[in-house]
Every structure is written in C-alpha cells, then in structure tokens.
Amino acid sequence: MKTGIVLEGGAFRTIYSSGVCDALLTAGLLPDYVIGVSAGIAYGVSYVSRQPGRNLEILTRFGNDRRYMGLGNFLRRENRSYFGLDFIYREIPDQLLPFDYDAYGAFPGQVEAVVTNLDTGKAEYLPVPPGRDEERVLQATCALPFLFPVFRIRGTPYLDGGAADAIPYERAFAMGCDRVVVVLTREREYRREPERLQTLIDRVYGKKYPKFCETMCRRAESYNAARDRLFQLEQEGRVLLFAPRSTSGFSRTERDTAKIKALWQDGYDAGLARLEQVRGFWERE
C-alpha cells in the first residue's frame, strides 16, 4: 500500500494546509508521496522536513515586509515579480528562518510539484529535489500569471501549476497511491467563476502561448468538475478530505496576521481532531 497527500494551492490561503500538516506532524504522520500546487508545495516542503510552525512564522514575520511582497519588487530588473524571489527562496531559508535541507533530503518518499507547460497548456509533474535544485521548481509552480515572470526549466516555459491541475489527486493515484489525503484551501461550497482577466491573459500571453490561454479559459469548468469527482471519491472512501470552514474575507495575499493565524488554527484544529482517522486511513489494509 502506498499513501499520499495532495496540497492545493491558493497563495496565502495555503496557511490552512500548513495547519493541517503541522497537526499531522505532532503524531509523526507522513505519507509515502507528497504532491502540491503553487504555495501548496512551497509550504509543503516544510512538512516533509518536519518543521512545524515554520510557514506560519514566515507569513506572520515577513508577509508585510516589502522584501517579501510588494510592487517595488517589479522594479528590480533581476526580480520582475510582485514577490521578492531572492528574499523568499534564498535569504529566508538560508539565513532568517533556516530550512532543514538535511531532513528534507532524508525523506524516503517522493515529492512532486505541479507546473503548467505554456507551450502545451498541460500540467507537468516535476520532482522537488533536495538542496538548492528545488528552488527553480518551487518558483515555477508558484508563478502566477502577471505576478511572476515565465520560468524555464530545461528550456521549457512554465507558470503556476494551478492553471492546469489545481488539485492533483489523479496524479497521486497514477503514482500508485491507494490512500490519499487531500487538503483544499477553499470551503466545500466554493465554486470557481470564469476567469475575469481572460481578455488580458489573451492579450499578454496569447500570441506566444495560445494553448496556455485555452487552458485558462477552461480553468473554472475544469476545476469545478475536479472537485465534483473528488467529493465522489470521498464518498467511496478512496480519499480523506480536509477543507477550511470559511475563507470569506481572506485575500490570497492577506496581510492581516490575525486572519493568517486564525486560518492556520482552523487547519491545525481540524488536523488534531482527525489524527486517528488519518492514521487509520493510511494504515488500513
């Protein structure tokens, strides 16, 4: 039997997932396979490295720091992103709040990040290797349109994995997982609306990457259908599902530390309440 966990993206809303994962770590619960999208996996690596509370500290300490996030970062030629890439992916993990690369490298399972291939418009699943090599993959999976530059890995252009596969539970099953925990970052009742910026997306990316634009146009329909299938799998007992009680009023770039702590607490409490359920699910014959 192979166990897995799927971590949806959602920028700062993903602090809910960190709460769930931090709770699982209190009981030493880690699966064989971890896959995430965007911030889901960028935060998820701290789960794999067994560093509970690290993501919460990052957001509460640095979320309002202009080096972390702000329009001024666009003005720096070497950055070209709303987020401070060197600050987030190097200064924080290497100096300010060290990431345990050794513990991450010792994880015996597999870790993958979802990216969207701009040429094909399709999802790809890249391993997140230990050490400095993980940086480029984590940047690519988090690369929201307009807010990040296009990232090239081995010559292929990528942006945010959530465009093509926002909740990659099917990939977990394809990788041989039998028992999959899925952590959503939107409440169960949520339905995605059609992309409001589609006209701008077509204008900015359409000439060079028409397949990507087609994917973005279908994104809401694909996302809602994936959630419908997911809820059916939950009824069948093939997945165990976590979802926040409410994300109303919580921005994807939320700056209110009280709201950030509250959403993390929601995930942590849910994880603690269901520790034995998760253990039994992952250990069930």
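Structural data are supplied above this passage.
A brief report on the enclosed structure follows. Values in this document were obtained by computation on a predicted structure and should not be read as measured data. (Residues numbered from 1 in each chain as written. Predicted model: local features only at pLDDT ≥ 70, side-chain atom pairs only at ≥ 80, totals over all residues. Heavy atoms only, no water.)

So, on to the nonpolar core. Among the nonpolar cores identified, the biggest contains 74 residues, and Ile 5, Leu 24, Tyr 68, Val 128, Val 181, Phe 212 and Trp 282 are the most heavily contacted of them. Ranked by size, the runner-up nonpolar core spans 23 residues in total, among them Val 114, Ile 167, Phe 231 and Leu 233. (Core = buried A, V, L, I, M, F, W, Y, C linked by side-chain atoms within 4.5 Å. Buried < 20%, exposed > 50% of the residue type's maximum accessible area, 1.4 Å probe, protein only.)

The subject of this paragraph is helix H8 (residues 198-205). Those residues of H8 that fall on the buried side of the exposure criterion are Gln 198, Ile 201 and Tyr 205. Viewed end-on, H8 has its buried residues packed into an arc of 55 degrees, placing them on one side of the element. Turned more than 90 degrees from where H8 packs its buried face, Thr 199 and Arg 203 sit exposed. Close packing links the buried residues of H8 with strand S6 (156-160) and helix H9 (210-217). (Helix = DSSP H or I, 4+ residues; strand = E, 2+ residues; numbered from the N terminus. Arc of directions from axis to C-beta. Contact = heavy atoms within 4.5 Å.)

So, on to the packing of aromatic side chains. A full pass over the atoms with the stated rule returns 13 aromatic pairs. Between Phe 83 and Phe 148, the aromatic rings sit 5.4 Å apart at their centres with planes inclined by 25 degrees, giving stacked as the arrangement. With Phe 83 in the loop between helix H3 (54-62) and helix H4 (85-96) and Phe 148 in the loop between helix H6 (134-141) and strand S5 (151-153), this pair connects stretches of sequence that are 65 residues apart. The residues Phe 83 and Phe 148 share a single accessibility class, namely buried. Each ring, one from Trp 264 and one from Tyr 268, has its centre 4.8 Å from the other, and the planes form 15 degrees; the classification is stacked. With Trp 264 and Tyr 268 both in helix H11 (residues 257-273) and four residues apart, the pair spans about one turn of that helix. Cluster of aromatic residues (ring-pair linked, three or more members): Phe 12, Tyr 68, Phe 74, Tyr 82, Phe 83, Phe 148 and Phe 151. Just above the ring of Tyr 223 sits the side chain of Arg 192; from NZ or CZ to the centre is 4.6 Å. Over the ring of Phe 242 we find Arg 274, and its NZ or CZ is 4.3 Å from the ring centre. (Phe/Tyr/Trp six-rings, centres within 6.5 Å; stacked < 30°, edge-to-face > 60°. Lys NZ or Arg CZ within 6 Å of the ring centre and 35° of its normal.)

As a further point, take the pairing of strand S3 (residues 110-117). Buried residues dominate S3, accounting for seven of its eight residues. Judged from the five bridges that link them, strand S2 (residues 33-37) and S3 form a sheet pairing that is parallel. From the neighbouring strand, Val 37 faces S3, where its bridge partner is Val 114. With five bridges joining them, S3 and strand S4 (residues 123-127) adopt antiparallel strand pairing. Its bridge partner being in S4, Ala 113 is matched across the sheet by Leu 126. The loop that links S3 with its antiparallel partner S4 comprises five residues; one of these, Gly 121, has a positive phi angle of about 75 degrees. Relative to S6, S3 runs antiparallel, the two being bridged by three bridges. (Pairing = 2+ DSSP bridges.)

Orientation of H3 relative to H4, taken along the N-to-C sense of each, is 110 degrees, at an axis distance of 13 Å. For the element pair H3 / H4, the angle class is roughly perpendicular. The handedness of the crossing between H3 and H4 is right-handed. Taken together, the residues of H4 that come into contact with H3 (itself represented by Arg 54, Ile 58, Arg 61 and Phe 62) are Phe 87, Ile 92, Pro 93 and Leu 96. When grouped by side-chain class, the residues that make up the contact of H3 with H4 number six nonpolar, no polar and two charged. (Axes fitted to C-alpha atoms, helices over the stretch in contact; angles between N-to-C directions. Parallel < 35°, antiparallel > 145°, perpendicular 65-115°, else oblique. Left-handed = near helix turned anticlockwise from the far one by under 90°. Nonpolar A, V, L, I, M, F, W, Y, C, P; charged D, E, K, R; others polar.)

Bringing helix H2 (residues 39-48) into the picture now. Since the α-helix packs 3.6 residues into each turn, any two residues three or four apart lie on the same face. The buried fraction of H2 is high, at ten of ten residues. Listing the buried residues of H2 in full gives Ala 39, Gly 40, Ile 41, Ala 42, Tyr 43, Gly 44, Val 45, Ser 46, Tyr 47 and Val 48.

Now for the layout of surface pockets. Taken as a whole, the largest pocket spans an internal volume of roughly 790 Å³. Per-element accounting of the lining of the largest pocket gives the leading share, three residues, to helix H10 (residues 219-235). Here the residues of the lining of the largest pocket sort into 14 nonpolar, five polar and ten charged. Each pocket or cavity is described by its volume, and for the second largest pocket that value is around 370 Å³. Forming the boundary of the second largest pocket are 23 residues, of which Ala 163, Ala 164, Asp 165, Thr 215 and Ser 222 lie nearest the centre. Contributions of two or more residues to the lining of the second largest pocket are made by S4, helix H7 (169-174), H9 and H10. Residue composition of the lining of the second largest pocket, by class: nine nonpolar, five polar and nine charged. (1 Å grid on protein atoms, 1.4 Å probe; cavity = no way out; pocket = protein on both sides within 12 Å on 5 of 7 lines; lining within 4 Å. Points joined across faces, edges and corners; volume = space filled by probe spheres on them.)

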